[in-house]
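# Structural characterization, general
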Amino acid sequence: FESIADGRAQGLASDNLARFIRDRVEAGPWRDAATRARVIARTEGAFAANSVSLQVAREMPGVELMMIHDNRTGFDDEICSALDGTVVTIAEAEALLFAEHPNGSRSATPITPLLAEEMGL
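Bear in mind the structure is a predicted one, so any value in this text is a computation, not a measurement.

### Some words on the layout of surface pockets
Considered as a void within the structure, the largest pocket measures approximately 280 Å³ in volume. Considering the residues around the largest pocket, the lining is formed by twelve residues, among which Phe1, Ile4, Val25, Arg36 and Ile40 are closest to the centre. Among the elements of the structure, helix H1 (2-9) and helix H3 (33-59) are those that each provide at least two residues to the lining of the largest pocket. Considering every element that reaches the lining of the largest pocket, the biggest residue donor is H3, with five residues. Grouping the constituent residues of the lining of the largest pocket by class yields seven nonpolar, two polar and three charged.

### Structural notes on the pattern of salt bridges
Taken as a whole, this structure holds three salt bridges when the rule is applied. One salt bridge connects Arg106 with Asp70, and the closest N-O pair in it is separated by 2.7 Å. One end of the pair, Arg106, is in the loop between helix H5 (90-97) and strand E3 (107-111); the other, Asp70, is in the loop between strand E1 (65-69) and helix H4 (78-83), with 36 residues separating them in the sequence. We classify Arg106 as buried; its relative accessible area is 5%. Residue class for Asp70 comes out buried when judged on its relative accessible area of 1%.

### Notes on the nonpolar core
Counting residues in each nonpolar core, the largest one holds eleven residues, listed as Leu54, Ala57, Val63, Met66, Ile68, Leu83, Val88, Ile90, Ala93, Leu97 and Ala108. Only H3, E1 and H5 provide two or more residues apiece to this core. When residues of this core are assigned to their parent elements, the largest contribution, three residues, is made by H5. The contact partners of Ile90, leaving out residues within four places of it in the chain, are Leu54, Ala57, Arg58, Val63, Glu64, Leu65 and Met66. Counting residues in each nonpolar core, the second largest holds nine residues, with Leu17, Ala18, Ile40 and Ala41 among its members.

### Comments concerning a nonpolar patch on the surface
A surface patch of nonpolar side chains, about 300 Å² in accessible area, is lined by Val87, Leu115, Met119 and Leu121. Tracing the backbone through its elements, the reader meets Met119 in the segment after helix H6 (113-118).

### Side note on the packing of aromatic side chains
For the structure on display, the rule yields one aromatic pair. An angle of 45 degrees between the planes, with centres 4.9 Å apart, marks the rings of Phe47 and Phe98 as tilted. On the criterion of sequence distance, the pair formed by Phe47 in helix H3 and Phe98 in the loop between H5 and E3 is long-range, its members being 51 residues apart. For Phe47, a relative accessible area of 44% translates into the label partly exposed. Here the guanidinium or amino end of Arg24 rests over the ring plane of Phe20, the centre of that ring lying 4.2 Å away.

### Things to note about H5
Residues of H5 that are buried include every one of Ile90, Ala93 and Leu97, and no others. Projection of H5 onto a plane perpendicular to its axis shows the buried side chains occupying an angular sector of 55 degrees, all on one side.

### A closer look at the pairing of E1
The side-chain alternation of E1 yields one buried face, formed by Met66 and Ile68, and one unburied face, formed by Leu65, Met67 and His69. Strand direction decides the pairing type here: E1 and E3, joined by five bridges, are antiparallel. The partner of Ile68 across the bridge, within E3, is Ala108.

Definitions and limits used
Residue positions within a chain follow its written sequence, with the count starting from 1. The predicted origin of the model limits local features to residues at a pLDDT of at least 70 and limits the giving and counting of side-chain atom pairs to 80 or more, whereas totals for whole chains, interfaces and linings rest on all residues. For side-chain calculations, the full set of non-hydrogen atoms in the structure is used, while hydrogens and water are omitted. A cavity here means a set of points on a 1 Å grid, drawn over the protein atoms and nothing else, where a 1.4 Å probe fits but cannot get out; a pocket is an open set with protein on both sides within 12 Å along at least five of seven lines, and a residue lines either one if it has an atom within 4 Å of a point. Grid points are joined across faces, edges and corners, and a volume is the space filled by probe spheres set on the points. Runs of H or I in DSSP of at least four residues are treated as helices and runs of E of at least two as strands, each being numbered from the N terminus. Gly counts as polar in this scheme, as do all residues outside two lists: the nonpolar Ala, Val, Leu, Ile, Met, Phe, Trp, Tyr, Cys and Pro, and the charged Asp, Glu, Lys and Arg. We define a salt bridge as a contact between a side-chain nitrogen of Lys or Arg and a carboxyl oxygen of Asp or Glu at a distance within 4 Å. Each residue is assigned to one of three classes by its accessible area relative to the maximum for its type, calculated with a 1.4 Å probe on protein chains only: buried under 20%, partly exposed between the two thresholds, exposed over 50%. Only buried residues count toward a nonpolar core, which is a set of Ala, Val, Leu, Ile, Met, Phe, Trp, Tyr and Cys residues joined through side-chain atoms within 4.5 Å. Residue contacts are counted whenever heavy atoms from the two residues lie within 4.5 Å of one another. Each patch is assembled from residues with relative accessible area greater than 30% and no salt bridge, linking like charges that lie within 9 Å and nonpolar side chains (Val, Leu, Ile, Met, Phe, Trp, Tyr) that lie within 5 Å. In this description, accessible areas are obtained by the Shrake-Rupley approach with a 1.4 Å probe, and a residue is regarded as covered only by the protein chains that are shown. When the centres of two rings from Phe, Tyr and Trp lie within 6.5 Å, Trp using its six-membered ring, the rings pair. Their planes under 30 degrees apart give stacked, over 60 give edge-to-face, and anything left gives tilted. Lysine NZ or arginine CZ positioned within 6 Å of the ring centre and within 35 degrees of the ring normal marks a charge as sitting over the ring. The arc in question is the one traced by the directions running from the helix axis out to the C-beta atoms. Two strands are said to pair when DSSP picks up at least two bridges between them.

Treat this as a map of the structure, not an account of what it does.
Put into structure tokens, the structure is as follows:
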């Protein structure tokens, strides 16, 4: 965690963050430390992006719903595929975004009142 914090403090993300932490992590269940470092960096990036999306949704006037996006990478996970395109409350989106497996593919988009009307919600 300290290595991730150090890398993020230096402005590193994605591949750069993975390279920065790979000598500081063990392989764990992955084939090698480099693979685990990429998974950690991807998950960290997804967490940061999803945190911002949730914050923005909460600050947008009239926004109560978000659309979940998942399985854009073609991973074909049954749960992720089923969630793709679902509309949920902001609280439900938060639970879904932070309960995903570490492939970093799940995100959510705020649904504005106008868009909700157009969607018949």
